[in-house]
Amino acid sequence: MDAQAATDRRKEFLRSYLHLIRADVVEQGEALDITFLGEQSKIFRKQNVKVCFSTELSARYGYELVHAGSKLLESIYQDCLNHADVVIYRLKGGEPLSANEILNVLRLDNCKTEFEGSFPHTKYAYAFIFQILYNSEDIASQILWVPVDAETFEPLTWLTLGTPFEESIPARSRPRLLTTERANTAYKAAVACVKDMLDPDFRRIELDVQAHLAEELGRIHRYYSRLKEEEKHRLDELERQLKEVEEKLKRHKTPDTFQKYQEEKRRLQGKIDELKSELGSYFERIDDLAQKEREREQRKHQITCEINLISICFIHYEAHRHRILLFNEHSQGTLDLYSIPVTRNLNLPRCLVCKKETNVLSLCANSHIACGNCRLTCAKCGKTFCLSCLKQTKTKSGAKYVCLHCFQKGGPANRRS
Amino acid sequence: MNFAYSDPSPLIKKLVSRRWDSPHWLQLRLEAHRLMIADREEDLLVIEQLKDKIQLMPHQIKAAIKVKNVMKSRAILADEVGLGKTVEAGILVKENVCRGLAKKVLILTPASLTAQWKDEMSAKFSEEFVIAGDCDDRYEGADRHDRLIVSIDMAKRGLTSERLKAIPWDMVVVDEAHRLKNRASLAHQFVRELPAKYLLLLTATPVQNDLSELYNLINLVRPGLLGTWNSFKGSYVKDRNARVVANPSKLQKTLSRAMVRSRRIETEAYLKFTKRYPVTHRTDSTLEEQILYNKVTQFIRRQYFKALEEEGSRESLIFSLMTLQRQLASSTAALVKALQNKIDSSTEPQETLELSRLLNEALDIKYDSKMKELLTIIEETRSKILIFTAFLETQKEIARVLSAHNIPTSLFSGSLTLEEKEEALKRFREDAQVLVSTEAGSEGKNLQFCNILVNYDMPWNPMRVEQRIGRIHRIGQDKDVYIHNLVNQDTIEDYMLTVLYDKIELFELTIGDLELILGDEVEYLERKIFDSYMTAEDLEAFKNDLGVITDQTLGKKATAEEIQEFDRRVFENFDLTPLR
């Protein structure tokens, strides 16, 4: 976010806050003259303040500058955080979708439809708001909103935070679906959903972190291996020198040179023995240090993702159940679709086989409703079936799908499941 | 990836028991959350919360960002003296604590700086550290504290060393880290074996004698970054003494992965380094004052020789005599209080009698000569003045006299509560012309609006002198600073000031300079001077002793200057600034 965008956002936030607490605000160009009323003045420890968002204005007129970290903004943040950790509200109602609006959305593969009617229905949802915080050097936190159906615990992708709402008058008796057990189950479903949502992030972060860790471990390995090599090299060099001296010793010509080379040999042998005796413990120490450093780096590269629940909302809303009859010459089936009037959203049906939402519908001869990808025609009787009603058989000309009825009727030569 | 979840049950319980809020607040609550995140999505989370408490400089913020992001909080902070390495380390400690990356933090410093670190971390970063050892009542053992300060000398030895090495520290900060330059030293080995996830080494002089020291320090933060010593020598060392860098551009590039160094010259655009002017006021004591001074000194000397014969309590006796000598020089009020205490605790009739006589003579002195001088300074200056004294009784006496002269005065001392301290500083900032402070705890408070300091009594420890000056001569001070030192002629303080402090130009030195010059010796200097004052045959002999100490210190100062010069030469053409 650039600086100007950040300032605009803060400005908007401040205005919304002042509006909500009903503070008296007079706009004076780029500055706001705010008078806090009653209890508010206790929060801000003053009754009147003139604020602005530019350092120039602040310097020229002495207005209080509102910026990231400014006292006024921090107090407002704090006041907001003291509110709305638990919220209940109702989504606004509206006209239900018409039969045409609904049928226009659907694409029929092998059947026709008849609209049987719409029925209003009250539904409930839990919405959980999480703050996600990675305990890591360079990854910032984020806020996630996860609504879950209070009956089925399925995530409600259509229900966004900005969906228009109205303040709900708390019912005298608690809604049936508002129980501790349900809220806990919904919470678990929401957490699972959060993990799915964050999965691409996790993979990216882990890749980055693993790459960096590998680089660090490589450095540690190179350094300590090199230290060992240097010592081994020192030993090799001494042994080479020893061999040279031994050669010279063989070829000595005078007692003096014999004495000299003998002395040199003893010195080198002493050094070699000393080095060899030290080498074991030196290598052990090096391995120990290297191990400690590897452990330290691994500890340093561990990432923890904190999933902190910061608010829960219990939402009730009016939905419409629309019953549609699907039929063809072989069978018929009914389909219930829900629409949310306030968003004009229609919940698409899910395919019986692949469970994915779809607007392309096929009617199976056994009355099942599947998507275009999950239906085939029986090789023997020519009827359309969903994949769960078909069997694969091997014939001389290759694999074919037949319906269960034809499969059971077919001769033994055809049966190979 | 590990996951941690907050407990949802309080919110669920609240929801089920129908204690809900208006949905209109929800949007604002979430926007507040988002804005708070956005505000913090700058590279460091803690900057905004620290800005209220300290004036952060661009090079400090940039250094912290670079160390966190590029060096993953294992680095050498090697800014030149006076640029605020402590603040950079503090930012990084706070940042890692805020991100949940550091829970257990260990700070290793020279013994003389432990208290200062504790004060700074508390006042500037709201991080409450405990000092290991007897000097901090809250200390319960190394493994019992998540924030611990240990003197490096204590940490590297025996059982303490083993205990500290067994704790999985998340972050370790080593101040004056040039003490780790020798890889064979205990201190180096100790830090090397500490299981620290993050490690910051602070030093203004990463090289002092040769390049192996730089290699050794880098090897602590990132072993192997410069290869093995043999490969380092082959690649980067030009001469046999390892004092000339070969291939500087490559070395600079490698070092920039583990070291930041800001230079004064790079910060000149926004950082003004003002001058310090010491002014010595040698007041002529009255005859009564001189007689009393000599008599009390004689008493102390006799007690000193008696104390030398004591086996068990020798050190504590000598310490109390040293304090009495300092109280004598501070003010008559401090002396009176000290004598009364001594009379109360004395068990020998002869001694009690002598003390009573001295007390009566002290009570006859109604007005200290130094006080007159102080009033003159205040009258002539007519601007904000910070007066330091080591003793509460002196502070009270100064306050009494100033009040009698209608000079608005605020008092600051360690005995005040946090709120009272804030109030005292506020009063000084807004109304009072004078703040009279004892040594205790104004560290971290912004007193840069004041540029005149009076040492009503002189500390015997040069580090304390510097700490006092540091209260006003710090980043953010845009005026030259005047330091008025009040001493009575021919007292121990007089000689210390004129023979030692003036010659080593103490008032121009910074804490970093002093540490480099005196090292651990600073701890023993005041005792050394006191011993000499007590045992010298006469005044001339004492002056000679003081001269010797001064010459030794001057020698060390010259060595320190050479070290700084060598360090400067090595890094002369290196660009390790975080500002680019």
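Rules and cut-offs
- Along each chain, numbering runs from 1 in the same order as the chain's sequence is written.
- Each chain is given a letter, starting from A, and each ligand a number, starting from 1, according to the order in which they appear as written.
- Totals for whole chains, interfaces and linings use every residue, but because this is a predicted model, local features are given only for residues with pLDDT of at least 70 and side-chain atom pairs only at 80 or more, for both listing and counting.
- Each side-chain value is worked out from all heavy atoms of the structure, with water and hydrogens disregarded.
- For helices the rule is a DSSP run of H or I covering at least 4 residues; for strands it is a run of E covering at least 2, with both sets numbered from the N terminus onward.
- For the radius of gyration, the atoms used are the C-alpha atoms, and the globule rule reads 2.2 Å times the number of residues raised to 0.38.
- Only the protein chains shown count as cover for residues, and the accessible areas themselves come from Shrake-Rupley with a 1.4 Å probe.
- Relative accessible area decides the class of each residue, using a 1.4 Å probe on protein chains only: under 20% of the type maximum gives buried, over 50% gives exposed, and in between gives partly exposed.
- By definition in these notes, contact holds between two residues if any of their heavy atoms fall within 4.5 Å.
- Counted as positive: Lys and Arg. Counted as negative: Asp and Glu, with His and the chain ends omitted from the count.
- Here the site of a charge means atom NZ of a Lys, CZ of an Arg, CG of an Asp or CD of a Glu.
- Note on terms: buried area is the combined drop in 1.4 Å-probe accessible area of two parts once they are placed together, counting the loss on both.
- Here, a salt bridge means any side-chain nitrogen of Lys or Arg that lies within 4 Å of a carboxyl oxygen of Asp or Glu.
- What qualifies as a polar contact is a pair of N or O atoms within 3.5 Å, subject to a donor-acceptor requirement within protein and to the restriction that residues adjacent in sequence count only when both atoms come from side chains.
- Pairing between two strands is assigned when DSSP locates at least 2 bridges connecting them.
- Here, the term right-handed applies to a crossover whose path from the first strand over the helix to the second runs clockwise when the strands point away from the viewer.
- Axes here refer to lines fitted to C-alpha atoms; in helices the fit is confined to the stretch in contact. Angles between the N-to-C directions go from 0 to 180 degrees.
- One less than the number of residues in a helix, times 1.5 Å, gives the span that helix is expected to have.
- To define a nonpolar core, start from buried Ala, Val, Leu, Ile, Met, Phe, Trp, Tyr and Cys residues and group those joined through side-chain atoms within 4.5 Å.
- Each angle gets one of four labels, with under 35 degrees taken as roughly parallel, over 145 as roughly antiparallel, 65 to 115 as roughly perpendicular, and the rest as oblique.
- The sense of a crossing depends on the near helix, which, turned anticlockwise from the far helix by less than a right angle, makes the crossing left-handed and, turned clockwise, makes it right-handed.
- Stacked, tilted and edge-to-face are the three classes applied to pairs of Phe, Tyr and Trp rings, where Trp contributes its six-membered ring and a pair requires centres within 6.5 Å; stacked means planes under 30 degrees apart, edge-to-face means over 60, and tilted covers the rest.
- In this analysis the charged atom, NZ for Lys or CZ for Arg, is taken to sit over a ring once it is within 6 Å of the ring centre and within 35 degrees of the ring normal.
- Read the arc as the range of directions from the helix axis to the C-beta atoms.
- Patch rule: a residue counts if its relative accessible area is over 30% and it has no salt bridge; like charges are joined within 9 Å, and nonpolar side chains (Val, Leu, Ile, Met, Phe, Trp, Tyr) within 5 Å.

A closer look at the overall build of chain A
Next, step 1: Of regular secondary structure, chain A possesses eight helices and 18 strands.
Next, step 2: For 417 residues, the compact-globule formula gives about 22 Å, and the C-alpha radius of gyration of chain A, at 38 Å, lies well above that figure.
Next, step 3: With the C-alpha coordinates of chain A rotated into their principal frame, the extents come out at 125 × 95 × 40 Å.
Next, step 4: Surface accessibility of chain A: about 23100 Å² in total, with carbon and sulfur atoms responsible for 48%.

Remarks on the overall build of chain B
Next, step 1: Regarding its fold elements, chain B presents 25 helices and 14 strands.
Next, step 2: Taken over the C-alpha atoms alone, chain B extends approximately 80 × 75 × 50 Å along its principal axes.
Next, step 3: For chain B, buried positions account for 59% of its 580 residues.
Next, step 4: Considering only residue pairs separated by 6 or more positions, chain B has 77% of its internal contacts joining residues 24 or more positions apart.
Next, step 5: For chain B, the accessible surface area stands at approximately 24100 Å², while carbon and sulfur atoms represent 48% of it.
Next, step 6: Side chains of chain B give 83 positive and 89 negative charges; the mean places of these two sets differ by 7 Å.

Structural notes on the interface of chain A and chain B
Next, step 1: Taken together, the contact pairs 85 residues of chain A with 67 residues of chain B.
Next, step 2: A buried area of about 7200 Å², summed over both sides, lies between chain A and chain B, and 62% of it is on carbon and sulfur atoms.
Next, step 3: On the surface where chain A and chain B come into contact, there are four salt bridges.
Next, step 4: The residue Arg 299 of chain A makes a salt bridge to Asp 170 of chain B at a minimum N-O spacing of 3.4 Å.
Next, step 5: Summed over the shared surface of chain A and chain B, the number is 26 residue pairs in polar contact (both at pLDDT 80 or more).
Next, step 6: If one sorts the elements of the side of chain A that touches chain B by residue count, helix 6 (residues 180-250) of chain A sits on top with 17 residues.

Things to note about the pairing of strand 3 (residues 105-109) of chain B
Taken residue by residue, a regular strand's side chains alternate between the two faces of the sheet.
All names here are of chain B.
Next, step 1: For strand 3, the buried fraction is high: five of the five residues fall into the buried class.
Next, step 2: Here strand 3 shows two buried faces, one formed by Val 105, Ile 107 and Thr 109 and the other by Leu 106 and Leu 108.
Next, step 3: With five bridges joining them, strand 3 and strand 5 (residues 147-151) adopt parallel strand pairing. When the sheet's bridge partners are listed, Thr 109 is paired in strand 5 with Ser 151.
Next, step 4: Where strand 3 and strand 6 (residues 171-174) come together, four bridges link them in parallel fashion. The partner of Leu 108 across the bridge, within strand 6, is Val 174.

What to know about the side chain of Asp 567 of chain B
Next, step 1: Tracing the chain through its elements places Asp 567 of chain B in helix 25 (residues 539-571).
Next, step 2: Asp 567 of chain B has contacts with Ala 204, Thr 205, Pro 206, Val 207 and Arg 261 of chain B, leaving out every residue within four places of it along the chain.

Describing the pattern of salt bridges
Two side chains carrying opposite charge are able to pair once their charged atoms lie near each other.
Next, step 1: Inspection of every chain in the model, using the stated rule, returns 58 salt bridges over all chains.
Next, step 2: Asp 336 of chain A is paired through a salt bridge with Arg 323 of chain A; the nearest N and O atoms lie 3.0 Å apart. Pair noted here: Asp 336 of chain A is in strand 11 (residues 332-340) and Arg 323 of chain A is in strand 10 (residues 304-327), with a separation of 13 residues, a long-range link.
Next, step 3: Residues Glu 31 of chain B and Arg 34 of chain B are paired through a salt bridge, measuring 3.4 Å at the closest nitrogen-oxygen approach. Of this pair, Glu 31 of chain B and Arg 34 of chain B both sit in helix 2 (residues 24-40), separated by three residues, roughly a single helical turn.
Next, step 4: Judged by its relative accessible area of 30%, Arg 34 of chain B is partly exposed.
Next, step 5: Salt bridges linked by common partners bring Glu 216, Arg 219, Arg 296 and Glu 297 of chain A together with Arg 222 of chain B together as one network.

Describing the environment of Ser 383 of chain B
Residue and element names in this part refer to chain B.
Next, step 1: Secondary-structure assignment places Ser 383 in the loop between helix 18 (369-381) and strand 10 (385-388).
Next, step 2: For the pair formed by Ser 383 and Asn 451, sequence separation is 68 residues and the distance between their alpha carbons is 8.7 Å.
Next, step 3: Ser 383 has contacts with Gln 433 and Ile 452, leaving out every residue within four places of it along the chain.

So, the pairing of strand 12 (residues 434-437) of chain B
All names here are of chain B.
Next, step 1: Residues Val 434 and Val 436 line one face of strand 12 and the alternating positions Leu 435 and Ser 437 line the opposite face, and both faces are buried.
Next, step 2: Bridge count for strand 11 (residues 409-412) against strand 12 is four bridges, and the pairing is parallel. Pairing of Thr 409 across the sheet is with Val 434, part of strand 12.
Next, step 3: You can see the chain leave strand 11, run along helix 20 (residues 418-430) and come back into strand 12, and the turn it takes is right-handed.

So, the sheet that holds strand 14 (residues 369-370) of chain A
Residue and element names in this part refer to chain A.
Next, step 1: Read across the sheet, three strands follow the order 6-13-14 without closing on themselves; strand pairing throughout is mixed. Because the sheet does not close on itself, it has two edges, and the strands there are strand 6 (107-108) and strand 14.
Next, step 2: The pairing of strand 6 with strand 13 (residues 360-363) spans two bridges and is classified as parallel. Residue pairing in the sheet places Arg 107 in a bridge with Val 360 of strand 13.

A word on the side chain of Thr 550 of chain B
Next, step 1: Position of Thr 550 of chain B among the secondary structure elements: in helix 25.
Next, step 2: One polar contact links the side chain of Thr 550 of chain B to the main-chain carbonyl oxygen of Leu 546 of chain B, over a distance of 2.6 Å.

A word on the sheet that holds strand 2 (residues 31-35) of chain A
Residue and element names in this part refer to chain A.
Next, step 1: The strand order across the open sheet formed by four strands is 1-2-3-4, and the pairing between neighbours is mixed. Either end of the sheet is taken by a strand with one partner, and the two such strands are strand 1 (24-28) and strand 4 (64-65).
Next, step 2: Examined bridge by bridge, strand 2 and strand 3 (residues 48-52) share four bridges and lie antiparallel to one another. What sits directly across from Ile 34, in strand 3, is Val 49.
Next, step 3: Along the sheet face, helix 1 (residues 3-20) touches strand 1, strand 2 and strand 3 and points at about 25 degrees away from the line of strand 2.

A closer look at helix 15 (residues 314-330) of chain B
Next, step 1: With 17 residues, helix 15 of chain B ought to run about 24 Å at 1.5 Å a step, and its terminal C-alpha atoms sit 24 Å apart, in line with that.
Next, step 2: Elements in contact with the buried residues of helix 15 of chain B: helix 14 (287-309), helix 16 (332-345), helix 18, helix 19 (392-404), helix 22 (492-501) and helix 24 (522-535) of chain B.

Section: unusual backbone geometry
Note on backbone geometry: most residues besides glycine have negative phi, and most peptide bonds are trans.
Residue and element names in this part refer to chain B.
Next, step 1: Unusually for a residue other than glycine, Arg 18 sits at a positive phi of about 60 degrees.
Next, step 2: Mapped onto the elements, Arg 18 comes out in the loop between helix 1 (9-16) and helix 2.
Next, step 3: Here Arg 18 falls in the partly exposed class, since its relative accessible area comes to 29%.

Description of the nonpolar core
Next, step 1: Core analysis: the biggest nonpolar cluster contains 105 residues, and Ile 91, Trp 117, Tyr 501, Ile 529 and Phe 530 of chain B have the highest contact counts within it.
Next, step 2: With near-sequence residues (within four places) excluded, Ile 529 of chain B lies in contact with Ile 492, Met 496, Leu 500, Phe 542, Leu 546 and Ile 549 of chain B.
Next, step 3: In terms of nonpolar packing, the next biggest core, distinct from the first, is built from 57 residues, Leu 227 of chain A together with Ile 76, Ile 152 and Val 207 of chain B among them.

Considerations on the packing of helix 22 of chain B against helix 25 of chain B
Residue and element names in this part refer to chain B.
Next, step 1: The geometry of helix 22 relative to helix 25 is characterised by a closest axis approach of 10 Å and an angle of 40 degrees between their N-to-C directions. By the angle between their directions, the pair helix 22 and helix 25 is classed as oblique. For the pair helix 22 and helix 25, the sense of crossing is right-handed. Packed against helix 22, whose contacting residues are Ile 492, Tyr 495, Met 496, Val 499 and Leu 500, the element helix 25 presents Leu 539, Phe 542, Lys 543, Leu 546, Gly 547, Ile 549, Thr 550 and Thr 553 at the interface.

Some details on the packing of aromatic side chains
Next, step 1: Under the counting rule described, the total for this entry stands at 26 aromatic pairs over all chains.
Next, step 2: Consider the rings of Phe 130 of chain A and Tyr 187 of chain A, whose centres lie 6.0 Å apart with planes at 40 degrees: the pair is tilted. Within this pair, whereas Phe 130 of chain A is found in strand 7 (residues 112-135), its partner Tyr 187 of chain A is found in helix 6, the two being separated by 57 residues in sequence.
Next, step 3: Over the face of the ring belonging to Phe 3 of chain B we find Lys 195 of chain A, whose NZ or CZ atom lies 4.3 Å from the ring centre.

Let's talk about the environment of Ala 64 of chain B
Next, step 1: Summarising the element assignment, Ala 64 of chain B is placed in helix 4 (residues 58-69).
Next, step 2: On a C-alpha basis, the gap between Ala 64 of chain B and Ala 75 of chain B in space is 10 Å, while along the polypeptide they are 11 residues apart.

Some thoughts on helix 6 (residues 114-125) of chain B
All names here are of chain B.
Next, step 1: The first and last C-alpha atoms of helix 6 sit 16 Å apart over 12 residues, in line with the 16 Å expected at 1.5 Å per residue.
Next, step 2: Taken as a whole, helix 6 has its buried residues at Thr 114, Gln 116, Trp 117, Glu 120, Met 121, Lys 124 and Phe 125. Projection of helix 6 onto a plane perpendicular to its axis shows the buried side chains occupying an angular sector of 160 degrees, all on one side.
Next, step 3: Once helix 6 ends, the next one or two residues include Ser 126, with phi positive near 50 degrees.

Focus: a nonpolar patch on the surface
Residue and element names in this part refer to chain A.
Next, step 1: Taken together, the side chains of Leu 376, Leu 387 and Tyr 401 make up a nonpolar region of the molecular surface, amounting to roughly 230 Å² of accessible area.
Next, step 2: Here Leu 376 shows up in strand 15 (residues 375-377).
Next, step 3: On the basis of relative accessibility, which here comes to 33%, the residue Leu 376 falls in the partly exposed class.

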